[in-house]
There are 2 protein chains.
Amino acid sequence: MPAPSTRDLIVKEADVLFYQSGFEATSFADIAAAVGISRGNFYHHFKTKDDILDAVIAHRMERTRAMLDRWQTENEGPRERILSFIHMLIANRSQIMNFGCPVGTLCSELAKLDHAAQVHATGIFGLFRDWLAVQIRALGAVDRAEVLALHLLAWSQGVAVLATAFKDEAFICNEVAGIEHWLESLPEGPRNSSN
Amino acid sequence: MPAPSTRDLIVKEADVLFYQSGFEATSFADIAAAVGISRGNFYHHFKTKDDILDAVIAHRMERTRAMLDRWQTENEGPRERILSFIHMLIANRSQIMNFGCPVGTLCSELAKLDHAAQVHATGIFGLFRDWLAVQIRALGAVDRAEVLALHLLAWSQGVAVLATAFKDEAFICNEVAGIEHWLESLPEGPRNSSN
DNA sequence: GTCTATAGCCGGATAGAC
DNA sequence: GTCTATCCGGCTATAGAC
C-alpha cells in the first residue's frame with residue numbers, strides 16, 4: 001500500500017468532519033487543520049468545497065460497496081448477510097448516538113440546502129436498498145423484495161434518528177431485537193406485509 | 001385576536017426558515033427579509049441567534065401540545081388518535097419529501113453542532129412519545145406502552161428520512177399502510193413484540 | 001506541491017439617531 | 001420600536017513566492 005496522497009488525506013478527514021459536524025458547519029480551516037496543511041494548499045487539489053463533497057460521497061460509495069461485498073462473501077446465506085446490516089446499529093451505536101447515520105443525516109442536510117449533490121448522496125441509500133433487495137429475494141420474498149428492503153432501511157434510519165435525539169442505548173437494542181424478530185418472520189408467513 | 005407582535009412574526013418566520021433551510025444555514029438577513037424589518041431591529045427582541053432558536057423550539061412545543069390536545073378531543077378512542085398521528089405522514093408528505101420531519105432534522109442538526117438546545121428540541125419528541133404511550137396503554141398494552149410508542153415514533157422518522165432522500169410518494173403510502181396494519185395488530189396478540 | 005498573504009464577502013453583533 | 005451605519009471575525013477563494 002503506497003503512502004496516502006494529500007488528496008486522499010483531505011477526503012478522509014473531510015469525510016469524518018462532514019459526518020461529525022455537518023457539511024456546512026465544516027470549514028476549510030477545520031479540514032486543513034485536521035490534515036495538517038495550509039488552507040491555500042487545498043485549492044491545488046479541489047477547486048471548490050462542493051468538489052470535496054463530491055469526492056467524499058464517491059469515497060463513501062466505494063467504502064459501502066466494499067462493505068457489502070465483504071458481507072456477501074463472509075456470510076453463508078442471505079439471512080446472515082441481512083444480520084450484518086442490522087448489527088451495524090449495535091456496532092456503531094456510540095457514533096450514531098452522537099452524530100446519527102452518516103448517510104441519512106447527509107441526505108437530510110443536503111435536501112435543506114437544496115444542494116445538487118443530494119441525488120448523489122441518495123445513491124448510497126440506493127446501494128443498500130438494492131443489496132438488501134437481493135438478499136430478501138434470495139429468502140423467497142421475490143415480488144415484494146424492494147418494498148421490504150426499503151422498509152428495513154427506513155426502520156434502521158428511524159432507530160438512528162431517535163437514538164441521536166434521546167441518546168438511549170437500550171432503545172437501540174430493543175429495536176434491533178425487533179428487527180431480528182421481523183427478519184425471522186420473513187419467508188414463513190403466506191403474506192409477509194411490511195410490519 | 002390582537003395583531004401579532006414583531007417578536008411573534010420573527011419566531012414564526014424563523015420557524016419556517018429553520019425547517020426549510022436548517023438552523024445554521026439561516027442568517028439574520030434571511031429572517032429579517034422574511035419579516036420585513038431591518039437586521040438591527042432584531043436585537044431589540046433577541047440578544048443572540050440561540051435565543052431565537054430557543055423561542056422557535058418553545059413555539060413548536062406549544063403547537064405540538066395544542067395539536068395533541070386537539071387529537072385527544074376530536075377522536076373517540078385511542079386507535080383513532082394514533083391514526084391522526086400516523087396520517088401526518090400523508091398530510092405533510094410534500095413538505096416531508098422536501099425538508100424531512102421538522103423535529104427529527106432539527107435534533108440531528110443540533111446534535112452535530114453539539115448545541116445546548118438539542119435537549120430542548122428532543123423534548124418535542126418526548127411530547128409525542130408520552131402522548132402515544134398514553135394511547136397505547138389505553139389500547140391494553142400497558143407494560144410495553146413506552147417501548148411501542150418509541151417504536152412507532154422511530155418508524156415514522158425512518159419514513160421521513162427515506163422520503164426526503166428518495167422523494168418517493170408511493171413509498172410513504174406503503175409504509176403508512178404498514179403502520180396501520182401494525183396498529184390493527186396491537187392489542188389482539190398475546191405478545192405484540194415490536195414488529 | 002506547499003506555503004504566505006490577501007482579496008472580497010457575509011456572518012453575528014453593537015451603537016446610536018430618530 | 002425601528003432604523004442606518006458600522007465593527008469584527010470567519011468564510012471561500014485567489015495570487016504568487018518558493
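Residues numbered from 1 in each chain as written. Chains lettered and ligands numbered in written order. Predicted model: local features only at pLDDT ≥ 70, side-chain atom pairs only at ≥ 80, totals over all residues. Heavy atoms only, no water.

(A) Highlighting the protein's contact with DNA strand C. Taken together, 14 residues lie around DNA strand C, and Thr6(A), Ser38(A), Phe28(B), Tyr43(B) and Lys49(B) are the ones closest in. Side-chain polar atom of His45(A) to a phosphate oxygen of DNA strand C: 3.1 Å apart, as the coordinates give it. Taken together, the residues of the surface near DNA strand C break down into three nonpolar, ten polar and one charged. (Near = heavy atom within 4 Å. Polar contact = N/O pair within 3.5 Å; in protein donor to acceptor, adjacent residues only side chain to side chain. Nonpolar A, V, L, I, M, F, W, Y, C, P; charged D, E, K, R; others polar.)

(B) View of the protein's contact with DNA strand D. Of all residues adjacent to DNA strand D, which total 14 residues, the nearest are Phe28(A), Tyr43(A), Thr6(B), Ser38(B) and His45(B). Backbone atoms, meaning sugar and phosphate, form 61% of the atoms of DNA strand D found within 4 Å of the protein. At 3.1 Å, a backbone N or O of Lys49(A) approaches a phosphate oxygen of DNA strand D. In terms of residue class, the surface near DNA strand D is made up of three nonpolar, ten polar and one charged.

(C) Seen up close, the confidence of the model for chain A. Averaged over every residue, the pLDDT of chain A is 95; the share at 70 or more is 95%. This model gives residues 189–195 of chain A a pLDDT under 50, and the stretch forms 24 contacts once residues within four places in sequence are excluded. (pLDDT = per-residue confidence, 0-100. Contact = heavy atoms within 4.5 Å.)

(D) Region of the structure containing the relation of the copies chain B and chain A. Superposition of chain B onto chain A requires a rotation of 180° combined with a translation of 0.0 Å along the rotation axis, giving an RMSD of 0.0 Å. One copy is carried onto the other by what is essentially a two-fold rotation axis. When C-alpha distances to the rotation axis are compared across chain B, the minimum falls at Gly158(B), with a value of 1.8 Å. In this assembly, 100% of the residues forming the interface of chain B have copies in chain A that are likewise at the interface, indicating an isologous arrangement. (Least-squares fit on C-alpha atoms with pLDDT ≥ 70 in both.)

(E) View of the UniProt feature "DNA-binding region" (unreviewed entry) in chain A. Per the UniProt entry, the sites bearing "DNA-binding region" (unreviewed entry) are residues 27–46 of chain A in this numbering. Each end of residues 27–46 of chain A is marked by a C-alpha atom, and these two atoms are 14 Å apart; helix forms 40% of the span and strand 0%. (UniProt positions renumbered as here; feature names shortened; annotations may be inferred. Helix = DSSP H or I, 4+ residues; strand = E, 2+ residues; numbered from the N terminus.)

(F) Up close: the pattern of salt bridges. Taken as a whole and judged by the stated rule, the model has ten salt bridges over all chains. A salt bridge links Arg63(B) to Asp15(B), with the shortest nitrogen-to-oxygen separation between them at 3.4 Å. Remark: Asp15(B) occurs in helix α1 (residues 6–21) and Arg63(B) occurs in helix α3 (residues 49–74); sequence separation between them is 48 residues. What makes Arg63(B) exposed here is its relative accessible area of 51%. In this structure, the salt-bridge partner of Asp130(B) is Arg129(B), at a minimum N-O distance of 3.0 Å. In this structure, a network of salt bridges that share partners links the residues Asp15(A), Arg60(A) and Arg63(A). (Salt bridge = Lys/Arg side-chain N within 4 Å of Asp/Glu carboxyl O. Buried < 20%, exposed > 50% of the residue type's maximum accessible area, 1.4 Å probe, protein only.)

(G) Here's a closer look at the packing of helix α6 (residues 102–112) of chain A against helix α7 (residues 118–139) of chain A. Residue and element names in this part refer to chain A. The N-to-C vectors of α6 and α7 enclose an angle of 160°; their axes lie 9 Å apart at closest approach. By the criterion of interaxial angle, the relationship of α6 to α7 is roughly antiparallel. The handedness of the crossing between α6 and α7 is left-handed. In this structure, α6 uses Val103, Gly104, Leu106, Cys107, Leu110 and Ala111 to contact α7, whose residues at the interface are Gln118, Ala121, Thr122, Ile124 and Phe125. (Axes fitted to C-alpha atoms, helices over the stretch in contact; angles between N-to-C directions. Parallel < 35°, antiparallel > 145°, perpendicular 65-115°, else oblique. Left-handed = near helix turned anticlockwise from the far one by under 90°.)

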